[in-house]
Amino acid sequence: MTNSRRRFISSISMLAASSAMPLHAFNFGKSEKLKVTLVGTGVRGTSFWGKRLVDQYSDILEFVGLCDINPGRLAYAKEYIGAKCPTFTDFEKMVNKTKPDLVIVTTKDSTHHEYIIKGLEMGCDVLTEKPLTTDESKCQAILEAERKSDKKLIVGFNYRWSPYATKVKELLMNNAIGKLVSVDFHWYLNTYHGASYFRRWHGEMESGGSLWVHKSTHHFDLLNWWIDSEPSEVFAYGDLEFYGKNGPFRGDKCRTCEHKPDCKFHWDITKDERMMNLYANHEEHDGYIRDNCLFRNDIDIYDKMSAQVKYANNTVLNYSLTTYSPYEGWRMGINGTEGRIEAWQDIPYFKNESIDEAEKHAKEMAQTGKDELTYEPVILHKLWNKHETIQVGLEKSGHGGGDKRLHDKIFKSPETQDEYGRTAGVRDGAMSILIGIGARKSIESGKPIKIGDLTDLEPKVSRT
Ligand SMILES: NC(=O)c1ccc[n+]([C@@H]2O[C@H](COP(=O)([O-])OP(=O)(O)OC[C@H]3O[C@@H](n4cnc5c(N)ncnc54)[C@H](O)[C@@H]3O)[C@@H](O)[C@H]2O)c1
């Protein structure tokens, strides 16, 4: 076995082990390079887990199979990724034929569990995109499949790897504000990024579990990691008041819509070659309309979300997610017995600059590898002292540099101990979605929901 391959294998083990699973040997195949298959050749699968892996890590891994239910998108994906492997529309056939070491799951959220469970049962390690899944029964089924299997499951949480998120973690680990008491965390999606979720499957509860799960899983994972405890109870409010049925008009899709001149959300997909190649040119196979109307009546998720979460260590979280803000950014205050941390990113008024929100969204989602450095402050304010401003350098693209660092950890430097515990396993994946699932149930029932009632996982006072 090559040295690089051994290191890679150990990284999978270490990543999975962060969820308190035992470290043990992996039974990889005999080939020198790690044999990888990917299911779900959409934008994330082809870019971050596809082309970027081929471009950056071809010395230690090779794609042996690509799978998607849309044969047109699949053919384009193979070309875009630059993989020299067969393609399949049947997952089991792919795994039986190619016998991969690792299955990467980047399908739409509600189908992750099918491929995670099948992958583990068929003897592969599995790396899934967030969210782990979309409801508590699928979550329980994944937990059981993972326990039965001698293979590993890791969840690709990238936000933890941004230097900014890491700085907050470092301050908390160094006990900078004493014992944690409460956290205010508010995330604002703008009318580009926020709206984009309502144009496609994310707008349907059945496909993405709502933004409480699809989007907030990122935030709840960060918060669970920062607070270093597990959530025990959630109470939430939410509504759909802006997109979907609330729109002043609705059309078929942006391309052919009669309301183009009046609609502030009009988006011309025909001007984006990649989006045309990925989606519009293959609509006949599955009816996936990428530039769908965000005022269509079948949108049934919330666009306004607010929750209170109690942690097993007694920390209380006040959380909100807004989906049609004029700017995109977030702010947080963490209160402790000895002081307070204030953190935020991309609040334009604090920077005294005017930002093009459309351009910012394009950069954020880019995987170009061309990183523009920026500095964002974190405030540490100890009781009875003057506040301290700590400037943190981070990249503008790829989720604040988190995407790149997550890959590097898995593929380049797996043997290095990570003092911040940024690696995420199945328990982290579960705990982050269970808050959102509980929030949905709380809105439906008007009652607080105990996280321990959703699956057989009992919330722990300390994650570590
Ligand atoms: N970590 C991050 O920052 C991040 C960013 C973007 C997306 N994601 C995640 O990546 C995943 C993919 O998102 P995306 O934006 O690429 O979506 P997408 O719609 O572009 O791609 C999803 C792909 O899955 C395929 N698919 C749907 N159902 C399937 C099934 N039953 N079997 C096989 N293939 C199926 C679709 O044909 C499509 O090609 C999602 O789970 C999303 O949450 C994560």
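Above this text sits the structure in question.
Residues numbered from 1 in each chain as written. Predicted model: local features only at pLDDT ≥ 70, side-chain atom pairs only at ≥ 80, totals over all residues. Heavy atoms only, no water.

Caption draft 1: Fine view of the packing of aromatic side chains. As enumerated under the stated definition, the model contains 27 aromatic pairs in all. Seen in terms of ring centroids, Tyr 159 and Trp 187 are 5.8 Å apart; in terms of plane orientation they differ by 20°. Their pairing is stacked. With a gap of 28 residues between them, Tyr 159 in the loop between β6 (153–155) and α7 (163–173) and Trp 187 in strand β7 (residues 180–190) connect regions that are remote in the sequence. By relative accessible area, Tyr 159 is classed as buried at 9%. Measuring from centroid to centroid gives 5.3 Å for Phe 235 and Tyr 237, while their planes differ by 90°, and the two rings are edge-to-face. Classification of Phe 235 as partly exposed rests on a relative accessible area of 26%. Since its relative accessible area comes to 61%, Tyr 237 is described here as exposed. Across from the ring centre of Tyr 80, 3.8 Å away, lies the NZ or CZ of Arg 274, which sits over that ring. (Phe/Tyr/Trp six-rings, centres within 6.5 Å; stacked < 30°, edge-to-face > 60°. Helix = DSSP H or I, 4+ residues; strand = E, 2+ residues; numbered from the N terminus. Buried < 20%, exposed > 50% of the residue type's maximum accessible area, 1.4 Å probe, protein only. Lys NZ or Arg CZ within 6 Å of the ring centre and 35° of its normal.)

Caption draft 2: Main features of the pairing of strand β2 (residues 61–67). Of all 7 residues making up β2, 6 are buried, and the element is well covered by its neighbours. Here strand β1 (residues 34–39) runs beside β2; their pairing, made up of 6 bridges, is parallel. Within the sheet, the bridge partner assigned to Lys 35 lies in β2 and is Glu 62. What joins β1 to β2 is helix α2 (residues 43–57), and the crossover it makes is right-handed. Read as a crossover between parallel neighbours, the route from β2 over helix α3 (residues 71–81) to strand β3 (residues 87–88) is right-handed. (Pairing = 2+ DSSP bridges. Right-handed = clockwise from strand over helix to strand, strands pointing away.)

Caption draft 3: Summary view of the site of the ligand. The local shell around the ligand holds 27 residues, among which Asp 68, Asp 109, Tyr 115, Tyr 279 and Tyr 288 are the closest. In this structure, Asp 109 approaches the ligand through a side-chain N or O atom, which is 2.6 Å from an oxygen atom. With respect to the ligand, the side chain of His 218 contributes an N or O atom lying 3.4 Å from an oxygen atom. Of all the secondary-structure elements, those providing two or more residues to the shell around the ligand are α2 and α5 (112–121). (Near = heavy atom within 4 Å. Polar contact = N/O pair within 3.5 Å; in protein donor to acceptor, adjacent residues only side chain to side chain.)

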